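Spelled out from the first residue to the last, the chains are:
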Amino acid sequence: MGSKTEEVVDYTLMEGAVEKEGQHCWSIRREVKAVVELAFPIGITALIFYARSMVSMLFLGHLGELELAAGSLGMAFANITGYSVLSGLALGMEPMCSQAFGAKRVKVLSLTLHRCVMFLLVCSIPISLLWLNMSSILLLLHQDPNITLMAHTYLIFSLPDLLTHSFLHPIRIYLRAQGVTHPVTLASLAGTLLHLPFNYLLVTRLRLGLAGVAAASAASNLSILLFLGAAVCFTGLHCAAPSRDCFSGWKPLLRLAAPSCVSVCLEWWWYEIMIILCGILVDPTATVASMGILIQTTSLIYVF
């Protein structure tokens, strides 16, 4: 009798262990599915943005080696002093938005978005002044004068991008914190599809050259922002209108934005500084152009 009772107890324990293991496996599968559903659209969006930069490089290469070198140098300077800074500062709102959404504090979520947009717009002012004076800065870094002059033209026509990114980065984070990724993917796809005709019109038809490539990139980013705004309104994810509260309570955002900015900048600058270093070599036109192509190629691995 004792042995039969022990067998029943052992069988019950084994059955309970199997049931717990099954629940654990189901929990893992559910978590993996949730991660894939969130990560897949984000990955597709990153690939779409990568396709846009490759299209720009192809048109620059079609214009000539000097234009390709100048465009690569202009992109590097823009990434170092502008895009990486705005992207890093915007990441400061991500933990605040995630916590606000988890706590169902919709007002705090909207306030964080408005404060971040205002903060990036303010930061865009000194960045714009820096871009307007980039020729003297690059010449002090012993860059080739011809490449520097054309790179300066590229940055002048890229200035509207600062305004667009000041809205685009916070809105993407605002949606991502709520688990909404498909509008960003669709808007990015629409902007990328327009990027090719924009380049064809401005570069090939209107013959604007390097300035046309920069203007096409700015126009496609603006179209992404417009498509994203339309998608948000269509899906019903309306945000509260800005209020006076936007002008106060910035300390938590700034405390998170500063280290995020440093982290992103150090990660981006490692690649972009190599282009500037190539500018002091014997044949800067060839080396800068080659490094620009190399960085764009290796960026595909970074996307994944």
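Conventions and cut-offs
- Residues numbered from 1 in each chain as written.
- Predicted model: local features only at pLDDT ≥ 70, side-chain atom pairs only at ≥ 80, totals over all residues.
- Heavy atoms only, no water.
- Helix = DSSP H or I, 4+ residues; strand = E, 2+ residues; numbered from the N terminus.
- Buried < 20%, exposed > 50% of the residue type's maximum accessible area, 1.4 Å probe, protein only.
- Contact = heavy atoms within 4.5 Å.
- Areas by Shrake-Rupley, 256 points an atom, 1.4 Å probe, with all protein chains shown as cover.
- Core = buried A, V, L, I, M, F, W, Y, C linked by side-chain atoms within 4.5 Å.
- Polar contact = N/O pair within 3.5 Å; in protein donor to acceptor, adjacent residues only side chain to side chain.
- Axes fitted to C-alpha atoms, helices over the stretch in contact; angles between N-to-C directions.
- Parallel < 35°, antiparallel > 145°, perpendicular 65-115°, else oblique.
- Left-handed = near helix turned anticlockwise from the far one by under 90°.
- Expected span 1.5 Å × (residues − 1).
- Arc of directions from axis to C-beta.
- Patch = residues over 30% accessible without salt bridge, like charges linked within 9 Å, V, L, I, M, F, W, Y side chains within 5 Å.
- Salt bridge = Lys/Arg side-chain N within 4 Å of Asp/Glu carboxyl O.

Asks: An account of the overall build of the protein is requested, with residue identities and associated values reported.
Replies: Counting its secondary structure elements, the protein contains 11 helices and 0 strands. Counting every position in the protein, which comprises 304 residues, the buried fraction comes to 43%. Long-range pairs, those at least 24 residues apart, make up 83% of the contacts in the protein with a sequence separation of at least 6. For the protein, the computed accessible surface area is about 16600 Å², with 71% contributed by carbon and sulfur atoms.

Asks: How would you summarise the nonpolar core if you had to cite specific residues and measurements?
Replies: Leu 60, Leu 73, Leu 89, Met 93, Trp 131, Leu 175 and Ile 275 are the most contacted members of the largest nonpolar core, which totals 67 residues. Here the element with the most residues in this core is helix H2 (residues 65-90); it accounts for 14 residues. Leaving out residues up to four positions away in the same chain, Leu 89 has contacts with Phe 119, Leu 120, Cys 123, Ala 257 and Cys 261.

Asks: A description of the side chain of Thr 81 should follow, citing residues and the corresponding values.
Replies: Summarising the element assignment, Thr 81 is placed in helix H2. From its side chain, Thr 81 meets the backbone oxygen of Phe 77 in a polar contact 2.6 Å long. At a separation of 2.8 Å, a polar atom in the side chain of Thr 81 contacts the side chain of Trp 131. Each residue touching Thr 81, except ones within four places of it in the same chain, is listed here: Ile 127, Leu 130 and Trp 131.

Asks: Give me the lowdown on the packing of H2 against helix H7 (residues 159-176), citing residues and values where you can.
Replies: Contact pair H2 / H7: the axes reach a minimum separation of 9 Å and the direction vectors enclose 30°. On the basis of their axis angle, the class for H2 and H7 is roughly parallel. By crossing handedness, the relation of H2 to H7 is classed as right-handed. Between H2 and H7, the contacting residues are Gly 82, Tyr 83, Leu 86, Ser 87 and Ala 90 on the first element and Asp 161, Leu 162, His 165, Ser 166, His 169 and Ile 173 on the second.

Asks: So what's going on with helix H6 (residues 145-156)? Which residues, and what values?
Replies: Counted at 1.5 Å a residue, the expected span for H6 with its 12 residues is 16 Å, and the 17 Å between its end C-alpha atoms agrees. Regarding H6, the residues found buried are Ile 147, Thr 148, Ala 151, His 152, Tyr 154 and Leu 155. Buried positions in H6, seen along its axis, are confined to an arc of 160° and lie on one side of it. In this structure, H6 carries Pro 145 and Leu 149 as exposed residues pointing more than 90 degrees from its buried face.

Asks: Tell me about a nonpolar patch on the surface, residues and numbers included.
Replies: Residues Ile 125, Leu 129, Leu 132, Ile 156 and Phe 157 make up a contiguous nonpolar surface patch of about 440 Å² in total accessible area. Mapping Ile 125 onto the fold places it in helix H4 (residues 106-132). Its relative accessible area of 54% is what places Ile 125 among the exposed residues.

Asks: So, the pattern of salt bridges: which residues are in play, and what are the values?
Replies: Summed over all chains, the structure comprises 1 salt bridge. A salt bridge links Arg 176 to Glu 94, with the nearest nitrogen and oxygen atoms 3.2 Å apart. In this pair, Arg 176 is assigned in helix H7 and Glu 94 in helix H3 (residues 94-102), connecting sequence segments 82 residues apart.

Asks: Please give an account of the packing of helix H10 (residues 251-278) against helix H11 (residues 284-303) that cites residues and values.
Replies: The geometry of H10 relative to H11 is characterised by a closest axis approach of 8 Å and an angle of 160° between their N-to-C directions. Taken together, the axes of H10 and H11 lie roughly antiparallel to each other. Considering the relative orientation of H10 and H11, their crossing is right-handed. Residue-level contacts link Glu 267, Trp 268, Tyr 271, Met 274, Ile 275 and Cys 278 of H10 to Pro 284, Thr 287, Val 288, Met 291, Gly 292, Ile 295 and Tyr 302 of H11.

Asks: Tell me about unusual backbone geometry, and name the residues and values.
Replies: Of note in the backbone geometry, His 142 takes a positive phi value of approximately 65° without being a glycine. The class of His 142 is exposed, set by a relative accessible area of 62%. Even without being glycine, Arg 207 reaches a positive phi, approximately 55°. Mapped onto the elements of the fold, Arg 207 is located in the loop between helix H8 (182-205) and helix H9 (210-235). Using a relative accessible area of 71% as the deciding quantity, one classes Arg 207 as exposed.

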